[in-house]
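# Fold and geometry: a report
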Amino acid sequence: MAGTRWQLVAIQSMDDAQGTVCPPDPAHYTLEFGADGHVAVRLDCNRGSATWQAQPAAPGRPHRAAGSLLLGPLATTRAMCPPDSLAPRLSSSWPYVRSYVIEAGHLHLSLMADGGIVTWAPAP
């Protein structure tokens, strides 16, 4: 994952009442995984950073990578975003990311206890 940059595609809840939410502008939500173990984050009108560690799983299917992912505490700016911003939802789910799958060009971050899946696409 080091050296990759992603933009948000969808947040899928395992609760049918919440369903799937897609950002109006994916470029307002980005992750950039540095080779130095830091991730730079844009969550709408805020920017931040954290540490990251990935432990790849044993090779599985071709064109698919998976493993565990540990994200350190997220430090962000505290600008007031628009009321429909997904920033609060993403930042509150940050500590619950437990694993990743990269498949078909998308990064899927799974939240613990079937909390949902956050899907990202390559950012330009």
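In what follows, the accompanying structure is described. The shown structure was predicted, so the numbers you read here are calculated from the model rather than taken from an experiment.

## Comments concerning the packing of aromatic side chains
Within a pair of aromatic rings, the relevant descriptors are the distance that separates the centres and the angle that separates the planes. Scanning the model with the defined rule gives one aromatic pair in all. On the basis of an interplanar angle of 80° and a centroid distance of 5.1 Å, the ring pair of Phe-33 and Trp-52 is categorised as edge-to-face. With Phe-33 in strand β3 (residues 29-33) and Trp-52 in strand β5 (residues 46-56), this pair connects stretches of sequence that are 19 residues apart. Judged on exposure class, the residue Phe-33 and its partner Trp-52 are both buried.

## Section: the state of the cysteines
According to the stated counting rule, one finds one disulfide in the structure shown. Between the sulfur atoms of Cys-45 and its disulfide mate Cys-81 the distance is 1.9 Å. The chirality of the disulfide connecting Cys-45 with Cys-81 is left-handed, given an S-S dihedral of about -105°. Linking Cys-45 in the loop between β4 (38-43) and β5 with Cys-81 in the loop between β7 (75-76) and α1 (87-93), this pair joins segments that are 36 residues apart in sequence. Counting only cysteine sulfurs, Cys-81 is the nearest neighbor of Cys-22, a cysteine outside any disulfide, at a range of 19 Å.

## So, the environment of Asp-84
Structurally, Asp-84 is set in the loop between β7 and α1. Residue classification places Asp-84 among the exposed residues on the basis of a relative accessible area of 57%. Between the C-alpha atoms of Asp-84 and Gly-67, which are 17 residues apart in sequence, the distance is 32 Å.

## Regarding the pairing of β3
Put simply, side chains in a regular strand alternate between the two faces of the sheet. Of all the five residues making up β3, four are buried; the element is thus mostly covered by neighbouring parts of the structure. Sheet analysis places strand β1 (residues 4-12) next to β3, joined by four bridges and oriented antiparallel. Each residue of the ladder has a partner; that of Trp-6, found in β3, is Leu-31. Taken together, the five bridges between β3 and β4 define a ladder with antiparallel strand orientation. Within the sheet, the bridge partner assigned to Tyr-29 lies in β4 and is Leu-43. Between β3 and the antiparallel strand that follows it, β4, lie four residues; Gly-37 among them carries a positive phi value of about 85°.

Cut-off values and rules
- Residues numbered from 1 in each chain as written.
- Predicted model: local features only at pLDDT ≥ 70, side-chain atom pairs only at ≥ 80, totals over all residues.
- Heavy atoms only, no water.
- Phe/Tyr/Trp six-rings, centres within 6.5 Å; stacked < 30°, edge-to-face > 60°.
- Helix = DSSP H or I, 4+ residues; strand = E, 2+ residues; numbered from the N terminus.
- Buried < 20%, exposed > 50% of the residue type's maximum accessible area, 1.4 Å probe, protein only.
- Disulfide = S-S within 2.5 Å.
- Pairing = 2+ DSSP bridges.

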